[in-house]
Each structure stands twice: as structure tokens, then as C-alpha cells.
Amino acid sequence: MAGVRDIRRRIRSVRNMQQITKAMKMVSAAKLRKAQQKLIAARPYANQLQGVLERLSQAGDTVHPLLVKRPVQKVVYVLITSDRGLCGGYNANLIRKTTGLIAETPQEVKLVTVGRKGRDFFRRGKIEFLAEFVALGDDPSFNQAKEIAKEVIRLYEQGEADEVYLLFTEFVSAITQRPSQVKLLPIEKPEGKQGKQYIFEPSPDEILASLLPKYVETQIFRSILEGKASEQGARMTAMSSATDNATDMIDRLSLAMNRARQAAITKEISEIVGGAAALE
């Protein structure tokens, strides 16, 4: 059994780690609130923009390059992970889903990574990287999403990608995050008839040419916000569990220390009694 001094040292170390995990939990909770507010504000705009583009794609006569479907030979996955760890299974679940999709995809697969964790994991493999974006921070801006969208659009228009998918973690709640896959390009035209008729001014083709790049930027920005909210929620949950585990460990170590102390006292008493008996 370890000595009292060793156990006391371990208790001190665990208590110091508990203070760190508790502070990280509080910081993540504050960042989660901010990320969640931005996400809730971005979701309606992204959904409405997608609906408008679907109606425009039906109404227009000219075929925009980003709407052109071609035989799928090259598939590009835009993988959005975090730059830092200590967020539970957030990155591992998304990387596992991406690995499964790559294995199931018969076409040539290439990656555009957003975040260090996804980049570092797949860099060890044989997957070709077309672009990488890191250090977006905890409060990503729309301009950062525009830079990513600009590269994705270039890849699609130059024929380096026949299909583009977004892989990110959808935020459901602070304790629930769901790895998701969304087709970004080409934009799918809705099947069936429109429920309502719209009059567009100027022509649908002109509006479509203006809104399509904005659509790609908005979808990427929304996916990044989903990922950031999910990351903070996962980190808050992980740090909460770590704090609780530290409390349990301190309790167990304290019990072990008391037992060691009691055993030492009992041993000393036995030696004293034995010595007294030997003198008689």
C-alpha cells in the first residue's frame, strides 16, 4: 500500500487538475452560449436561401456552372473539425464517419480540411489534400467562410470535383451532437411541382448567378457554426465529466489515505505494546 505522503501528493495533483477542468467547463459554457446564438441566427437565413435557389433553378433557362451535373469521377469532402482537443468524442466520431464514407465511395476521393484535428489524422493516410484551413478561432467570421467557399467553387468549376459534400457535426444540444453529411454541389433541383409561383425581378438567371456563390458561402458558414457549437458543447460535457471523476478519485484517495494512516498508527501502537511487554 502506498504511504500517506504519496497519497496526499496524488490528492493534491488531482485537486489541481479538477480546478483546471472546472474552469474549462465554465469557459466552454460561456462560449457555447455565444456560438449557439450565432447558429440560431444563421439557420433560418441558410434554409430560406436554399429554398429560393431551388425555385430559381426551376424557373431559370440558363444552366449555371454550379448547377451542372456531370458523371461522378471525383468526390471532394469538406471536413470540418476542431483545432484543439479535450472535447470528448467530437472529433473522433466525425473522423470515424469520414473514414467510413471514404471506404464506401468507389470514386476518387479528395479532401478539403477545416481544422487541425481532421488534417492531422488524414495526413497520415493516402488521401490527397486539395486545401486546408486552420486556426479559425472560437468565433469564426463570414469572411473566413468566403475564403473556403471561393476555393470550393474554384475546384468545382475547374473540374477537380464532380460532387462536393460537407462533413460536419450538427448541434442538437449541449450533450448531443450528430455527425452529418450534406451535399453542397451541384445543387439539387426539387422534384415535383412548386406549391407557389414567384415573380423574380430581374430575371431568374441573373439572380441565380448572383446568389449561387452566396449560397455556397452561407452553407459553409452555417456548417462551421454548427461545428463550433458542437465543439463547445462536447468540451463542456467532457470537462464536466472530468470534474466529477476527479471528485470521485479524491474521495477514493482520501479513503485510502485514512486507511494507510490508521494502519500506521495501529502498527506503532502494536510496537509500543510489544516493547512494553518485552520489558516486563
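Above this note sits the structure.
Everything in this summary refers to the structure shown in the same document. Fair warning: this is a prediction, and the values are worked out from it, not measured in the lab. (Residues numbered from 1 in each chain as written. Predicted model: local features only at pLDDT ≥ 70, side-chain atom pairs only at ≥ 80, totals over all residues. Heavy atoms only, no water.)

**Points about the overall build of the protein chain**
Thought 1: Looking only at helices and strands, the protein chain features five helices and five strands.
Thought 2: Tracing the protein chain from N to C terminus, the helices and strands come up as α-β-α-β-α-β-α-β-β-α.
Thought 3: Since a compact globule built from 280 residues should have a radius of gyration of about 19 Å, the 28 Å found for the protein chain marks it as more spread out than a globular shape.
Thought 4: Over its C-alpha atoms, taken along the principal directions, the protein chain stretches across nearly 115 × 40 × 30 Å.
Thought 5: For the protein chain, buried positions account for 39% of its 280 residues.
Thought 6: Across the protein chain, the fraction of contacts at a sequence separation of at least 24, relative to all contacts at a separation of at least 6, is 77%.
Thought 7: Accessible area of the protein chain: about 15,700 Å², with a carbon and sulfur share of 54%.
Thought 8: A distance of 7 Å separates the average location of the 43 positive side-chain charges in the protein chain from that of its 32 negative side-chain charges. (Helix = DSSP H or I, 4+ residues; strand = E, 2+ residues; numbered from the N terminus. Rg over C-alpha atoms; globule rule 2.2 N^0.38 Å. Buried < 20%, exposed > 50% of the residue type's maximum accessible area, 1.4 Å probe, protein only. Contact = heavy atoms within 4.5 Å. Areas by Shrake-Rupley, 256 points an atom, 1.4 Å probe, with all protein chains shown as cover. Lys, Arg positive; Asp, Glu negative; His and termini not counted. Charge placed at Lys NZ, Arg CZ, Asp CG, Glu CD.)

**Description of the pairing of strand S2 (residues 108-114)**
Thought 1: Burial within S2 is extensive, with six of its seven residues counted as buried.
Thought 2: Looking at chain direction, strand S1 (residues 74-80) and S2 are connected through seven bridges and run parallel. Bridged to Val78 within S2 is Val112.
Thought 3: Bridge analysis of S2 against strand S3 (residues 128-133) gives five bridges, and the strand direction is parallel. Within S3, the position partnered with Leu111 by the bridge is Phe129.
Thought 4: Taken together, S2, helix H3 (residues 116-123) and S3 constitute a β-α-β crossover, and its handedness is right-handed. (Pairing = 2+ DSSP bridges. Right-handed = clockwise from strand over helix to strand, strands pointing away.)

**Here's the deal with the side chain of Lys110**
Thought 1: Secondary-structure assignment places Lys110 in strand S2.
Thought 2: Judged by its relative accessible area of 7%, Lys110 is buried.

**As for the pattern of salt bridges**
Where charged atoms of side chains with opposite charge meet at close range, the side chains can pair.
Thought 1: Throughout the structure, instances matching the rule amount to 19 salt bridges.
Thought 2: Linking Lys110 and Glu108 is a salt bridge whose minimum nitrogen-to-oxygen distance equals 3.8 Å.
Thought 3: Linked by salt bridges that have partners in common, Arg119, Asp120, Arg123 and Glu132 make up one network. (Salt bridge = Lys/Arg side-chain N within 4 Å of Asp/Glu carboxyl O.)

**Some points on a nonpolar patch on the surface**
Thought 1: A cluster of nonpolar side chains, contributed by Ile265, Ile269 and Val273, occupies part of the molecular surface with about 270 Å² of accessible area.
Thought 2: With respect to the secondary-structure elements, Ile269 resides in helix H5 (residues 204-279). (Patch = residues over 30% accessible without salt bridge, like charges linked within 9 Å, V, L, I, M, F, W, Y side chains within 5 Å.)

**Comments concerning the pairing of S1**
Thought 1: For S1, the buried fraction is high: six of the seven residues fall into the buried class.
Thought 2: Remark: the S1/helix H2 (residues 90-104)/S2 crossover connection has right-handed handedness.
Thought 3: Looking at chain direction, S1 and strand S4 (residues 163-171) are connected through five bridges and run parallel. Within the sheet, the bridge partner assigned to Tyr77 lies in S4 and is Tyr165.

**Description of the sheet that holds S2**
Thought 1: Reading across the sheet, the five strands line up as S3-S2-S1-S4-S5 and stay open at both edges, with mixed pairing between neighbours. Sheet topology places S3 and strand S5 (177-185) at the edges, where each strand pairs with a single neighbour. For this sheet, the mean angle separating the axes of adjacent strands, direction not counted, is 20°.
Thought 2: As paired strands, S4 and S5 are joined by eight bridges and run antiparallel to one another. Among the inter-strand pairings, Phe168 is bridged to a residue of S5, identified as Ser180. (Axes fitted to C-alpha atoms, helices over the stretch in contact; angles between N-to-C directions.)

**A closer look at the packing of helix H4 (residues 142-157) against H5**
Thought 1: Running from N to C, H4 and H5 point in directions that differ by 120°, and their axes come no closer than 8 Å. One way to sum up the angle between H4 and H5 is to call them oblique. For the pair H4 and H5, the crossing hand works out as right-handed. Of the residues in H5, those in contact with Phe142, Ala145, Lys146, Ile148, Ala149, Val152 and Ile153 of H4 are Pro213, Lys214, Val216, Glu217, Thr218, Ile220, Phe221 and Ile224.
Thought 2: When its residues are assigned to classes, the contact of H4 with H5 shows eleven nonpolar, one polar and three charged. (Parallel < 35°, antiparallel > 145°, perpendicular 65-115°, else oblique. Left-handed = near helix turned anticlockwise from the far one by under 90°. Nonpolar A, V, L, I, M, F, W, Y, C, P; charged D, E, K, R; others polar.)

**Regarding the packing of aromatic side chains**
Thought 1: One pass over the full model with this rule turns up three aromatic pairs.
Thought 2: Taking 5.0 Å as the distance between ring centres and 80° as the angle between the ring planes, the aromatic pair formed by Phe121 and Phe122 counts as edge-to-face.
Thought 3: Relative accessible area serves as the criterion here: at 34%, Phe121 is assigned to the partly exposed category.
Thought 4: Between the aromatic rings of Phe142 and Phe221, the centroid separation amounts to 5.4 Å while the plane-to-plane angle is 85°, which identifies the pairing as edge-to-face. With Phe142 in helix H4 and Phe221 in helix H5, this pair connects stretches of sequence that are 79 residues apart.
Thought 5: The class of Phe221 is buried, set by a relative accessible area of 14%.
Thought 6: Of note, Arg70 hangs over the ring of Tyr156, and the distance from its end group to the ring centre comes to 4.3 Å. (Phe/Tyr/Trp six-rings, centres within 6.5 Å; stacked < 30°, edge-to-face > 60°. Lys NZ or Arg CZ within 6 Å of the ring centre and 35° of its normal.)

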